[in-house]
Structures are given as C-alpha cells and as structure tokens.
Amino acid sequence: MPHAQSIKLFELTRKIIEIIPPHQRFSDVDAQRLAEVRDFLRGLEEELVKGFYDTIFNHSPMHAVVSDGARADREKTLRVWWHRTLSGPFDEKYWAWQSLVGMVHIKVGVKNQMMLSMWSWTIAWLKNKLKVSDVKASHADEILESFERLAMTVQSLTMESYIDSYLQTVIRMTGFKPALLDRMAATEIGRMIAEAREELGSV
C-alpha cells in the first residue's frame, strides 16, 4: 500500500474552525446559554431521539443506510452526543469528535444531504419546543441562535472532514502527491463544468 501521512484529526479540526468567521462559529457565550437551560434540554431527550429516528426510518433513502435491528444502537449514539453536548465542555476533543463523525459517515454510507436534513429537522423541532416552553421568548430566541451556531459549526466540521477524508483515501490508495492530485482534479473538474453548462444551457 502506498505510504501516506496519517490523519491529524485535531489539526484538521482547527483548520476547519479557523475558516468560519468568529461571529458565526459557536462561542463561549453560546455554551453558557445552553448551560442555563441544560435541565430543560435534558428533559427533551426521549422526544428528540424518537422524533429523529422516526424521521429517518420513515424515509427509505435514509432508512436504507441503517441496518435492520440497529435502531437501538443508532439511538444510543444520539443519546451519547446529546449528553456530551449538554454537559460540555466544548473543547478541542469535542470538536475533533465532530470531525470524526465525517469519517464515520463515509464508512456507514451517510451522505451529507442526510446529515444536513437531520440538523434542519433538529433545529425546527427545538424551535417548536421552545415556543411552548416556560422559557421567555427573548431568551428562547437567544438559545435558538446559539444552537444554530452549534449546528453550523458541527456541520462544517463533519462535512469538510467527510470531503477531506475522501481525498486522503484516494491519496493513500493511489500514492499520488496531493499537489499532483489537485492539478488532475482541477483539469477534470474544468471538463465537468463545461459539460454541466452545456447540459444546463442558458439561464
């Protein structure tokens, strides 16, 4: 097997986060806001897990990536993530874990559109729960904004790690140098763009 540099998960995670504008990424203020309603959010766990996986299992393309009889295992994974997110801390290890999820998604066949769809579902679900809660409307808006920044930060890590891991897999399997692969990809992408524009026609 061609030699390749090992994945440096923490370094990759830092690089991804640094590209996100500071005012848009999850912050210490956001972490404090979630901590203030930790008990409320913990109380939503059963409903979150059931609704999340009911949605997946009721949509055949997403259900297809989950093996028969494996729902309990998937639910356990979500519960662990929910507990860890609500307990904190949001340190390097937490964010690197979200990058690792991108690699796991490649292995099990979860596509990025599936991940993004379920994040969208989760945000909409939380918004509805906050509406009917005892949390003051102004504070509920702040909590939702913080959760949305959490979602965006995690999505960035998971999706970019997914793409980077695919690239690293090709490099390991072929032995190509990254710079050579970049040039080859740029040339081929140019051809694909021309083909796509031809198919699309004028817009």
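Preceding block: the structure.
Residues numbered from 1 in each chain as written. Predicted model: local features only at pLDDT ≥ 70, side-chain atom pairs only at ≥ 80, totals over all residues. Heavy atoms only, no water.

Examining the layout of surface pockets
- One number sums up the size of the largest pocket: a volume of about 820 Å³.
- If you trace the largest pocket, you find 27 residues lining it, with Phe 52, Tyr 53, Thr 77, Val 101 and His 105 closest to the centre.
- Contributing elements (two or more residues each) for the lining of the largest pocket: helix H4 (45-57), helix H6 (71-87), helix H7 (92-108), helix H8 (112-131) and helix H9 (137-174).
- With seven residues, H7 is the largest single contributor of residues to the lining of the largest pocket.
- Of the residues assigned to the lining of the largest pocket, the class counts are 21 nonpolar, five polar and one charged. (1 Å grid on protein atoms, 1.4 Å probe; cavity = no way out; pocket = protein on both sides within 12 Å on 5 of 7 lines; lining within 4 Å. Points joined across faces, edges and corners; volume = space filled by probe spheres on them. Helix = DSSP H or I, 4+ residues; strand = E, 2+ residues; numbered from the N terminus. Nonpolar A, V, L, I, M, F, W, Y, C, P; charged D, E, K, R; others polar.)

Description of H8
- Spanning 20 residues, H8 covers 29 Å between terminal C-alpha atoms, matching the ideal 28 Å at 1.5 Å per step.
- Taken as a whole, H8 has its buried residues at Asn 112, Met 114, Met 115, Met 118, Trp 119, Thr 122, Ile 123, Trp 125, Leu 126, Lys 129 and Leu 130.
- Check the buried side of H8 and you find it contacts helix H3 (38-42), H4, helix H5 (60-63), H6, H7 and H9. (Expected span 1.5 Å × (residues − 1). Buried < 20%, exposed > 50% of the residue type's maximum accessible area, 1.4 Å probe, protein only. Contact = heavy atoms within 4.5 Å.)

Comments concerning unusual backbone geometry
- Omega for the bond connecting Gly 88 with Pro 89 falls within 30 degrees of zero, at -5°, which places this linkage in the cis form.
- Within the secondary structure, Pro 89 sits in the loop between H6 and H7.

Quick look at the environment of Lys 127
- Relative to the assigned elements, Lys 127 resides in helix H8.
- Distance in space between the C-alpha atoms of Lys 127 and Asn 112 is 23 Å, their sequence separation being 15 residues.

Quick word on the packing of helix H1 (residues 9-19) against H9
- Where H1 contacts H9, the axes come no closer than 10 Å and their chain directions differ by 120°. As far as their axial angle goes, H9 and H1 are oblique. Note that H1 runs across H9; the crossing there is right-handed. Where H1 approaches H9, its residues Leu 12, Thr 13, Ile 16 and Ile 17 are matched on the opposing element by Ser 156, Leu 157, Glu 160, Ser 161 and Asp 164. (Axes fitted to C-alpha atoms, helices over the stretch in contact; angles between N-to-C directions. Parallel < 35°, antiparallel > 145°, perpendicular 65-115°, else oblique. Left-handed = near helix turned anticlockwise from the far one by under 90°.)

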